[in-house]
Amino acid sequence: MNYFDAFIEFIDSCLKDRDIDIKIIHKVRLAYEEIIINIIKYAYPDSTGEITIQYKIEPSHSIAFT
């Protein structure tokens, strides 16, 4: 989990830059922590791999992470 903190910081910064309510940021962060941990644990249990996180600002001012 060498880059786990970097992933979380990236997600936090994307949300904070959009002036999103802190309660929503915490919920999204919790969801992404679970997603990232599951990818690391199940996709790469005995090896290393690559995870890419991207985001897009939607016309409705929402953020879509992929």
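See the structure printed just above.
As the structure is a prediction and not an experimental result, all values here were calculated from the model.

A.B. asks: How should I be thinking about a nonpolar patch on the surface in this particular structure?
C.D. replies: Side chains of Phe-10, Tyr-55 and Ile-57 sit close together on the surface and give an oily, nonpolar patch of about 230 Å² of accessible area. With respect to the element layout, Phe-10 can be found in helix 1 (residues 4-17). Assessed through its relative accessible area of 30%, Phe-10 is described here as partly exposed.

A.B. asks: Even after reading the chapter, I still don't get helix 2 (residues 22-43), so can you show me in this structure?
C.D. replies: Because each turn of an α-helix spans 3.6 residues, side chains separated by three or four positions in sequence point in the same direction. Here helix 2 spans 31 Å end to end across 22 residues, near enough to the 32 Å set by a 1.5 Å rise per residue. For helix 2, the complete set of buried residues consists of Ile-25, Tyr-32 and Ile-36. Buried positions in helix 2, seen along its axis, are confined to an arc of 40° and lie on one side of it. Across from the buried face of helix 2, at angles greater than 90 degrees, the exposed residues are Lys-23, Lys-27, Lys-41 and Tyr-42. Here the buried face of helix 2 lies against helix 1 and strand 2 (63-65). In this structure Asp-21 caps helix 2, since a side-chain oxygen of it lies 2.8 Å from the backbone nitrogen of Lys-23.

A.B. asks: Looking at this model, I keep getting lost on the side chain of Asp-12. Mind explaining?
C.D. replies: Mapped onto the elements of the fold, Asp-12 is located in helix 1. Excluding anything up to four places from it in sequence, Asp-12 contacts Ile-25 and Arg-29.

A.B. asks: Could you clarify how one ought to interpret the pattern of salt bridges in this entry?
C.D. replies: Where side chains of opposite charge bring their charged atoms close, a pairing between them can arise. Scanning the entire structure with this criterion turns up two salt bridges. Across the pair Arg-29 and Asp-12 runs a salt bridge, and its minimum N-O distance is 3.4 Å. Remark: Asp-12 occurs in helix 1 and Arg-29 occurs in helix 2; sequence separation between them is 17 residues. Take Arg-29: its relative accessible area is 31%, and that puts it in the partly exposed class. Glu-33 is the partner of Arg-29 in a salt bridge, and the nearest nitrogen-oxygen pair spans 3.2 Å. On the criterion of helical spacing, the pair formed by Arg-29 and Glu-33 is a turn pair, its members being four residues apart in helix 2. Given the relative accessible area of 21%, Glu-33 is considered partly exposed. Each member of the salt-bridge network shares a partner with another, and the members are Asp-12, Arg-29 and Glu-33.

Cut-offs used in this document
- Residues numbered from 1 in each chain as written.
- Predicted model: local features only at pLDDT ≥ 70, side-chain atom pairs only at ≥ 80, totals over all residues.
- Heavy atoms only, no water.
- Patch = residues over 30% accessible without salt bridge, like charges linked within 9 Å, V, L, I, M, F, W, Y side chains within 5 Å.
- Areas by Shrake-Rupley, 256 points an atom, 1.4 Å probe, with all protein chains shown as cover.
- Salt bridge = Lys/Arg side-chain N within 4 Å of Asp/Glu carboxyl O.
- Helix = DSSP H or I, 4+ residues; strand = E, 2+ residues; numbered from the N terminus.
- Buried < 20%, exposed > 50% of the residue type's maximum accessible area, 1.4 Å probe, protein only.
- Expected span 1.5 Å × (residues − 1).
- Arc of directions from axis to C-beta.
- Contact = heavy atoms within 4.5 Å.
- Polar contact = N/O pair within 3.5 Å; in protein donor to acceptor, adjacent residues only side chain to side chain.

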